[in-house]
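Each chain, written out:
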Amino acid sequence: MADRTAPTRPVRILLVDDQPLLRTGFRMVLGAEPDLDIVAEAGDGVEAVELSRRLLPDVVLMDIRMPRMDGVSATRAIVDARLPVRVLILTTFDLDEYVVGALRAGASGFLAKDVPAEDLVTAIRTVAGGDAVVAPRILRRLLDRFADALPDPATSPPKALSTLTDREREVLVQVARGLSNAEIARALSVSETTIKTHVGHVLTKLGLRDRVQAVVLAYETGLVRPGA
């Protein structure tokens, strides 16, 4: 009997980097994957926004430092336009201010450009699927740098988290520590479906776009602290 399963549509990608050689390298890596389709390239943020509006790619692979408009501003423009497009930031700079700016602008992930090819491919698929990714190395640098500025929940209870149940707060803590739904499910001895439901409730109650913003909020409110 013939397989009647409809073929999965490839993930459509817009490459954005002001260095043509880097775009060529990314194109070679991603072009080898049958489920990834590079639909266009851009050399600056202005062009990235224009192409995003016109082509509506699934994922924009975005550089940070570019002429005319940087990656953070371009990301904000794409998100503010409510395009059905998700942004994955790639940079050679592990600069914390750019991490915060990109995530607050609405980026769905942040990776260093020296990420292994297989991790980049996985990250693109993850972001296209509606989830988010942040390189552990970058998150660790961010948290280490701002550790002293984070509030202490023992002296200042985070009001933003008051709508969460105890279980939802527990799940948020695990998300902030970088655990996947499956890992959280094992740690709390519940099903992965249950954890997925809890994560959804957390994002809805706190008005967050995805897990990345949940991680940032957990640390900003002091719910989780570096090294804890």
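Parameters at a glance
- Residues numbered from 1 in each chain as written.
- Predicted model: local features only at pLDDT ≥ 70, side-chain atom pairs only at ≥ 80, totals over all residues.
- Heavy atoms only, no water.
- UniProt positions renumbered as here; feature names shortened; annotations may be inferred.
- Helix = DSSP H or I, 4+ residues; strand = E, 2+ residues; numbered from the N terminus.
- Pairing = 2+ DSSP bridges.
- Contact = heavy atoms within 4.5 Å.
- Axes fitted to C-alpha atoms, helices over the stretch in contact; angles between N-to-C directions.
- Buried < 20%, exposed > 50% of the residue type's maximum accessible area, 1.4 Å probe, protein only.
- Right-handed = clockwise from strand over helix to strand, strands pointing away.
- Polar contact = N/O pair within 3.5 Å; in protein donor to acceptor, adjacent residues only side chain to side chain.
- Core = buried A, V, L, I, M, F, W, Y, C linked by side-chain atoms within 4.5 Å.
- Expected span 1.5 Å × (residues − 1).
- Arc of directions from axis to C-beta.

### Re the UniProt feature "modified residue: 4-aspartylphosphate" (unreviewed entry) in the chain
Step number 1: In the numbering adopted here, UniProt assigns the feature "modified residue: 4-aspartylphosphate" (unreviewed entry) to Asp-63.
Step number 2: Tracing the backbone through its elements, the reader meets Asp-63 in strand β3 (residues 59-63).

### Description of the sheet that holds strand β2 (residues 36-42)
Strand pairing within a sheet occurs via backbone hydrogen bonds; the two strands may be parallel or antiparallel.
Step number 1: Taken together, the six strands give an open sheet; going across it, the order is β2-β1-β3-β4-β5-β6, and neighbouring strands pair in parallel fashion. The sheet is open, and its two edges are formed by β2 and β6 (133-134), each paired on a single side.
Step number 2: Most of the contacts of helix α5 (residues 117-128) go to strand β4 (residues 86-91), to which it runs at about 155 degrees, and overall it touches β1 (11-16), β2, β3, β4, β5 (109-112) and β6.

### A word on unusual backbone geometry
Step number 1: Not every positive phi belongs to a glycine, and Arg-68 is a case in point at roughly 70 degrees.
Step number 2: Residue position: Arg-68 is located in the loop between β3 and α3 (71-80).
Step number 3: Despite not being glycine, Ser-189 shows a phi value in the positive range, around 55 degrees.
Step number 4: Tracing the sequence through the fold places Ser-189 in the loop between α8 (181-188) and α9 (192-206).
Step number 5: The class for Ser-189 is exposed, based on a relative accessible area of 67%.

### As for the pairing of β2
Step number 1: As defined by bridge partners, β1 adjoins β2 across six bridges and the pair is classed as parallel. Bridging across to β2, Ile-13 finds its partner in Ile-38.
Step number 2: You can see the chain leave β1, run along helix α1 (residues 20-31) and come back into β2, and the turn it takes is right-handed.

### Focus on the side chain of Ser-52
Step number 1: Locating Ser-52 in the fold gives a position in helix α2 (residues 45-55).
Step number 2: A distance of 2.8 Å separates a polar atom in the side chain of Ser-52 from the backbone oxygen of Ala-48.
Step number 3: When sequence neighbours within four positions are dropped, the list of residues in contact with Ser-52 reads Leu-14, Pro-57, Val-60, Ile-78, Leu-83 and Val-85.

### Comments concerning the nonpolar core
Step number 1: Counting residues in each nonpolar core, the largest one holds 23 residues, and the members touching the most others are Leu-161, Leu-172, Ile-195, Leu-206, Leu-223 and Val-224.
Step number 2: Of all the elements in the fold, those that place two or more residues in this core are α7 (166-176), α8, α9 and α10 (211-220).
Step number 3: Beyond its immediate stretch of four places on either side in the chain, Ile-195 contacts Val-171, Asn-181, Ile-184, Ala-185, Leu-188 and Val-190.
Step number 4: Core analysis: the second largest hydrophobic core is formed by 22 residues, Ala-48, Leu-51, Val-87 and Ala-107 among them.

### Overview of α1
Step number 1: Taking 1.5 Å of rise per residue, the twelve residues of α1 would be expected to cover 16 Å, and the 16 Å separating its terminal C-alpha atoms lies within 8% of that figure.
Step number 2: Turning to α1, its buried residues are Arg-23, Phe-26 and Leu-30. Here the buried residues of α1 occupy an arc of 65 degrees about the axis, which is enough to place them on one side. Exposed positions of α1 whose direction lies more than 90 degrees from the buried face are Pro-20, Leu-21 and Met-28.
Step number 3: Where the residues of α1 are buried, they touch β1, β2, β3, β4 and α5.

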